[in-house]
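Descriptive structure summary
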Amino acid sequence: MSALPTILDELAHDPHITDILINNGVEVWYERLGSLHRGDDLIAGTIEAHIERVLAPLGRRLDRLSPMVDARLPDGTRMCAVVPPIAVGGTCAAFRLFHDDVRPLRSFCATDDTVDELLSARGNVLISGATGSGKTSLVASLLDHLASTERLVIIEDTRELPVRGANSVRLEARPANAEGRGHVGLDDLLRTALRLRPDRIIVGEVRGPEALTLVEAMNTGHVGCMSTVHANSAHEALGRIDLLVSRAAPNWRLDDIRRLVRSAFGTVIHLERRANGEREIDHIVHLG
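Remember, predicted model here, so these are calculated numbers, not experimental data.

What follows deals with helix α8 (residues 254-264). Every buried residue of α8 is accounted for by Ile257, Leu260, Val261 and Ala264. Buried residues of α8, seen end-on, are gathered within an arc of 95 degrees and therefore sit on one face of the element.

Take the confidence of the model for the protein next. On average, residues of the protein score 89 in pLDDT, and 95% of them are at 70 or above. Taken element by element, the predicted model of the protein shows its lowest mean pLDDT in helix α3 (residues 113-121) (69) and its highest in helix α7 (residues 234-248) (97).

The geometry of a pair of packed helices is captured by two quantities: the angle between their axes and the separation between those axes. Contact geometry of helix α6 (residues 210-218) with α8 gives a least axis separation of 8 Å together with a crossing angle of 60 degrees. Between α6 and α8, the angle falls in the class oblique. Crossing geometry of α6 relative to α8 is assigned as left-handed. On α8, the residues touching Leu212, Val215, Glu216 and Met218 of α6 are Leu260, Val261 and Ala264.

Among the residues of helix α2 (residues 46-55), those classed as buried are Ile47, His50, Ile51, Val54 and Leu55. In an axial view of α2, the angular spread of the buried residues amounts to 125 degrees, which keeps them on one side of the axis. At its buried positions, α2 is contacted by β1 (17-23), β4 (68-72), β5 (78-82) and β6 (92-96).

What follows is about unusual backbone geometry. Residue Pro85 follows Pro84 across a cis peptide bond; omega there is 5 degrees. By secondary structure assignment, the location of Pro85 is in the loop between β5 and β6. Look at Asn24: it is not a glycine, yet its phi comes out positive at around 55 degrees. In this structure, Asn24 sits in the loop between β1 and β2 (27-32). Here Asn24 falls in the partly exposed class, since its relative accessible area comes to 38%. Within the chain, Arg197 stands out as a residue other than glycine whose phi angle is a positive 55 degrees. With respect to the element layout, Arg197 can be found in the loop between α5 (186-193) and β10 (200-203). You can call Arg197 exposed: its relative accessible area is 55%.

On to the side chain of Arg78, then. Looking at the secondary structure, you find Arg78 in strand β5. You can call Arg78 buried: its relative accessible area is 18%. At a separation of 3.0 Å, a polar atom in the side chain of Arg78 contacts the side chain of Asp70. Excluding residues that lie within four positions of it along the chain, Arg78 makes contacts with Asp70, Ala71, Arg72, Ala94, Phe95, Arg96, Asp157, Thr158, Glu160 and Arg207.

Conventions adopted
- Residues numbered from 1 in each chain as written.
- Predicted model: local features only at pLDDT ≥ 70, side-chain atom pairs only at ≥ 80, totals over all residues.
- Heavy atoms only, no water.
- Buried < 20%, exposed > 50% of the residue type's maximum accessible area, 1.4 Å probe, protein only.
- Helix = DSSP H or I, 4+ residues; strand = E, 2+ residues; numbered from the N terminus.
- Arc of directions from axis to C-beta.
- pLDDT = per-residue confidence, 0-100.
- Axes fitted to C-alpha atoms, helices over the stretch in contact; angles between N-to-C directions.
- Parallel < 35°, antiparallel > 145°, perpendicular 65-115°, else oblique.
- Left-handed = near helix turned anticlockwise from the far one by under 90°.
- Contact = heavy atoms within 4.5 Å.
- Polar contact = N/O pair within 3.5 Å; in protein donor to acceptor, adjacent residues only side chain to side chain.

Laid out in structure tokens, this is it:
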């Protein structure tokens, strides 16, 4: 079953469209090449009926008792939806489309020599940027340059990374069910990944207690790891990791946390989305 109503299929099959957004139950917006555009309105009730159909096989629900949902659909599309009364004007939804194409590294910067050096040096890399700045795309491009024999263990909250390497294992977090059971978080997956004999561990986005497990792993021999974090600069990215680690280890001294984090990552690459919609490397900070 398509992740989107038939009326939106044309948008979904455009390789340049990354997101389709629904406002107030009927308004359609989409992001194409970094810019938002208004589409044709939906018939009232269309989006609610479709969401109900695609969620049913997943054992998920979206109603007044469970008014918010974040799910990955079978075709890889990531969907976040909210219904009234939480969504005051009517159902709103965001569909992040899954495209398995991988951008060339050169599209992120004038030369890919620096990035190739990072890969060959097997340093641990943190990629920072705002939402929509291209962090996931850059990770995919970096992974595409690795030797096919390297064993990758990829950990994500929701599957987004297009990975073409043959020797890869994907682990995806799982929310709790309606009874509050069965939750599997990124920290659980990361601890499991350490026992799966990875050559490289890739964490789609660090945003919780897994930050502590990750930096400890990096400081005990796991090299060539990559992760992303939301931040406005490379400096702020390190501060964000400091904060996440401190939350997971509240009794640790801040100076000790900062030393641990900065010895874990060899490089921070910061991305920006330009006014023309292009996602590019803005600056790179080498640590240690």
